[in-house]
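# Reading the structure
Spelled out from the first residue to the last, the chains are:
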Amino acid sequence: MIRKSVAEKAIGSAEQAAKNIVLDAENRSEAMKKELIVEAREEVHQLKNEVDKEIKERRAEIQRSEQRIIQKEESIDRKTENLERKEDNFQKKEQNLIDKENELDAQIDKQFAELERISGYTAEEAKQLLLSNLEKEIRVEASIMIKDIENKAKEEGDKKAKEIISGAIQRCAADHVAESTVSVVPLPNDEMKGRIIGREGRNIRAIETLTGIDLIIDDTPEAVILSGFDPVKREIARLSLEKLIVDGRIHPARIEEMVEKAERDVANTIKEEGEQATFDVGVHNLHPELVKLLGRLKYRTSYGQNVLKHSVEVAHLAGLMAGELGLDTKVAKRAGLLHDIGKALDHEVEGTHVDIGIDILRKYKETETIINGMAAHHGDYEPKSLEAVLITAADALSAARPGARRETLETYIKRLQKLEELANTTKGVEHSYAIQAGREIRIIAKPDEVSDDEMSFLAREISKKIESELEYPGQIKVNVIRETRAVDYAK
């Protein structure tokens, strides 16, 4: 019983303690809850205040933006009104200008009519008269200016040009041998003519068929003439005939054998001559086919001048002048050596040797500078470099050397006649006389049509006509003479 009582007391006290703990916990939780609620309310209040503040600021910003927009709208409206007023003013001014322009046109027409009545000329006639007088004055002034410019250019340029050209010519000496379209083969005796002709002419027919060259056997003692325009074939025929004469056995089979051998010999000679030309000039890295075409020029002539020797000389002259002027000597030499390359094939291909040369050089990948230097040497194409101009000058120098080229009498006479005809058809020319073998033309001007100041203008006009319509080596001097007479009578 005592244990039971003690136990109950202990239980009661434990329960009471538990209740006290629970009550204390409830009180503490209630206090914490109140504290949290208070803190939450304070935080909510603070957030609300911040939100209200931000809203007020945004409303204020919006109000300010609205105010600015309203001000801009008002400004735009004012500007629009100003523009409308200005547009109205401009329209009024434009109309006033149109009215004044119409009035001015009417006044001008009235004045023109009055001027035409007073002067006795129409507007077009007065314009033509004014232009005519102005043209005369300009021609006189231009003539004086041309004369002054020419004198200054001659004073400054002649000395330097003469030094360069004369120096180049003196440093480059070349042989000149006149050649033609025929070759002469000497015979040991006149009996050989019969053996060359053969029975019923079979031998001579075989030679002509295989070589494409005509054999002329006439009364010329101990000689046979080979005639043909293709120099390579003519050389093959000459070598073949010489070998046959030395061998003594002349019949169709032997002729065919000798012609084949001569063709091989000529091919080797062509290659060697081309290589020698490139070596002499100092031009390297040429395509092998270009070297062979250069070698073919050994058997090509132009006005009796050997084209290969002429090409080598042009290369030397162009290189020397390029060196004096500080230009590219390699380009000048290369273009000079190749400037007549088209003549190697002009018997076989249609076209001028310039156009043929352009195709050849493009085929073998030469540069555009070299191609232009070759193409421009006769004035067919515009020179695009100073080296191209030097090729033209070197070509003219080589052709104009005394003895370098020759002309037939008929060609020479035609050139002189054409020269005089060009001068005589020019306005203001009374007579003209070609002298100095066509290297000078003296012109007698009509004194009533050409004044002293217009003489240089007339000389220039005639020289330009000669340059554009006549082909000639070197240069032609145009000498204009105007006779002045004074007549009086003693009474």
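None of these values were measured; they are calculated from a predicted model.

## A word on the overall build of the protein
Each helix and strand counted, the protein has 14 helices and 8 strands in total. Taken against the 2.2 N^0.38 rule, which gives 23 Å for 491 residues, the C-alpha radius of gyration of the protein at 53 Å runs more than 25% over that of a compact globule. In terms of overall dimensions, the protein has C-alpha extents of about 185 × 105 × 45 Å along its principal axes. Buried residues in the protein amount to 31% of all 491 residues. Nonlocal contacts in the protein, meaning residues at least 24 apart in sequence, comprise 61% of its contacts between residues at least 6 apart. Carbon and sulfur atoms form 52% of the exposed surface of the protein, whose accessible area is close to 33,200 Å².

## Structural notes on the packing of helix α10 (residues 353-363) against helix α11 (residues 368-375)
Packed helices, taken two at a time, are described by the angle their axes make and the gap between the axes. With their axes 9 Å apart at the nearest point, α10 and α11 run at an angle of 165° to one another. It follows from the interaxial angle that α10 and α11 lie roughly antiparallel. As α10 packs across α11, the resulting crossing turns out to be right-handed. Contact residues: α10 offers Val-354, Gly-357, Ile-358, Leu-361 and Arg-362, while α11 offers Glu-368, Ile-370, Ile-371, Met-374 and Ala-375. Of the residues in the contact of α10 with α11, the class split is 7 nonpolar, 1 polar and 2 charged.

## Remarks on helix α1 (residues 2-119)
When the terminal C-alpha atoms of α1 are compared, their 167 Å separation across 118 residues agrees well with the 176 Å that a helix rising 1.5 Å per residue should span. Following α1 by one or two positions, Gly-120 adopts a phi angle in the positive range, close to 80°.

## Some remarks on the pattern of salt bridges
Applying the stated criterion to the full structure yields 17 salt bridges. Across the pair Glu-54 and Arg-58 runs a salt bridge, and its minimum N-O distance is 2.8 Å. Taken together, the residues span about one helical turn, with Glu-54 and Arg-58 both in helix α1 at a distance of 4 residues. Under the relative-accessibility criterion, Glu-54 is labelled partly exposed at 39%. We note a salt bridge from Glu-235 to Arg-238, for which the minimum N-O separation is 2.6 Å. With a gap of 3 residues between them, Glu-235 and Arg-238 both fall in helix α5 (residues 231-247), about one helical turn apart. Overall, the relative accessible area of 15% leaves Glu-235 in the buried class. A single salt-bridge network, built from bridges that share partners, covers Asp-247, Arg-249, Arg-254 and Glu-257.

## Comments concerning empty space enclosed by the protein
What the rule picks out here adds up to 2 cavities of 30 Å³ or more. The space that makes up the largest cavity amounts to roughly 80 Å³. Lining the largest cavity we find Asp-230, Pro-231, Val-232, Arg-296, Arg-300, Lys-343, Ala-344, Leu-345, Asp-346, His-347 and Glu-348. Here the residues of the lining of the largest cavity sort into 4 nonpolar, 1 polar and 6 charged.

## Things to note about the nonpolar core
Counting residues in each nonpolar core, the largest one holds 40 residues, and the members touching the most others are Leu-286, Leu-290, Leu-337, Ile-341, Ile-360 and Leu-361. Of all the secondary-structure elements, those providing two or more residues to this core are α6 (252-281), α7 (288-296), α8 (307-325), α9 (329-337), α10, α11 and α12 (386-400). For Leu-290, the residues in contact, after removing those within four places along its chain, are Ile-341, Ile-360, Leu-361, Tyr-364 and Glu-366. Ranked by size, the runner-up nonpolar core spans 26 residues in total, among them Leu-215, Val-224, Leu-239 and Met-258.

## Observations regarding the sheet that holds strand β7 (residues 440-445)
Taking strand neighbours across the sheet as the criterion, the 3 strands line up as β6-β7-β8 in an open arrangement whose pairing is mixed. On the outer flanks of this sheet lie β6 (429-435) and β8 (477-482), each paired with one strand and no other. Going from strand to strand, the sheet's axes swing by 20° on average, the running direction of each strand aside. By the bridge criterion, 6 bridges tie β7 to β8 in an arrangement that is parallel. Along β8, the bridge assignment pairs Glu-440 with Lys-477.

## Here we look at the confidence of the model for the protein
Of all residues in the protein, 90% have pLDDT values of 70 or greater, and the mean over the chain is 81. pLDDT under 50 marks residues 175-179. Its contacts with residues more than four places away, or in other chains, come to 15 contacts.

So, how was this worked out
- Every chain is numbered independently, its residues counted from 1 as its sequence is written.
- Predicted model: local features are reported for residues with pLDDT of at least 70 only, side-chain atom pairs are reported and counted for 80 or more only, and whole-chain, interface and lining totals are derived from all residues.
- Derived side-chain values reflect all non-hydrogen atoms in the structure, with water molecules and hydrogen atoms excluded from consideration.
- Put simply, DSSP marks the helices as runs of H or I at least four residues long and the strands as runs of E at least two long, and each gets a number from the N terminus on.
- It is over C-alpha atoms that the radius of gyration is taken, and the globule rule equals 2.2 Å times the number of residues to the power 0.38.
- Using a 1.4 Å probe on the protein chains alone, a residue whose accessible area is under 20% of its type maximum counts as buried, one over 50% counts as exposed, and one in between counts as partly exposed.
- Contact between two residues is taken to exist if any of their heavy atoms lie within 4.5 Å; hydrogens are not considered.
- Note on areas: these come from Shrake-Rupley sampling with a 1.4 Å probe, and a residue is covered only by the protein chains present in the view.
- In this analysis an axis means a line fitted to C-alpha atoms, helices contributing only their contacting stretch, and an angle means the value between N-to-C directions, from 0 to 180 degrees.
- Note on angle classes: values under 35 degrees are labelled roughly parallel, values over 145 roughly antiparallel, values of 65 to 115 roughly perpendicular, and the remainder oblique.
- For a crossing to be left-handed, the near helix must be turned anticlockwise from the far one by less than a right angle; the clockwise case is right-handed.
- Nonpolar residues are Ala, Val, Leu, Ile, Met, Phe, Trp, Tyr, Cys and Pro. Charged residues are Asp, Glu, Lys and Arg, and all others, Gly as well, are polar.
- Here a helix's expected span is defined as the number of its residues, less one, multiplied by 1.5 Å.
- A side-chain nitrogen of Lys or Arg and a carboxyl oxygen of Asp or Glu constitute a salt bridge if their distance falls within 4 Å.
- Buriedness of a pocket was judged along seven lines, with at least five required to meet protein on both sides within 12 Å; pockets are open sets of points on a 1 Å grid over the protein atoms alone, cavities are sets where a 1.4 Å probe fits but cannot get out, and lining residues have an atom within 4 Å of a point.
- Grid points are joined across faces, edges and corners, and a volume is the space filled by probe spheres set on the points.
- What is meant by a nonpolar core is a set of buried Ala, Val, Leu, Ile, Met, Phe, Trp, Tyr and Cys residues, joined one to another through side-chain atoms within 4.5 Å.
- Strand pairing is assigned whenever DSSP detects at least two bridges linking the two strands.
- Scored between 0 and 100, pLDDT is the confidence that the predictor attaches to each residue.

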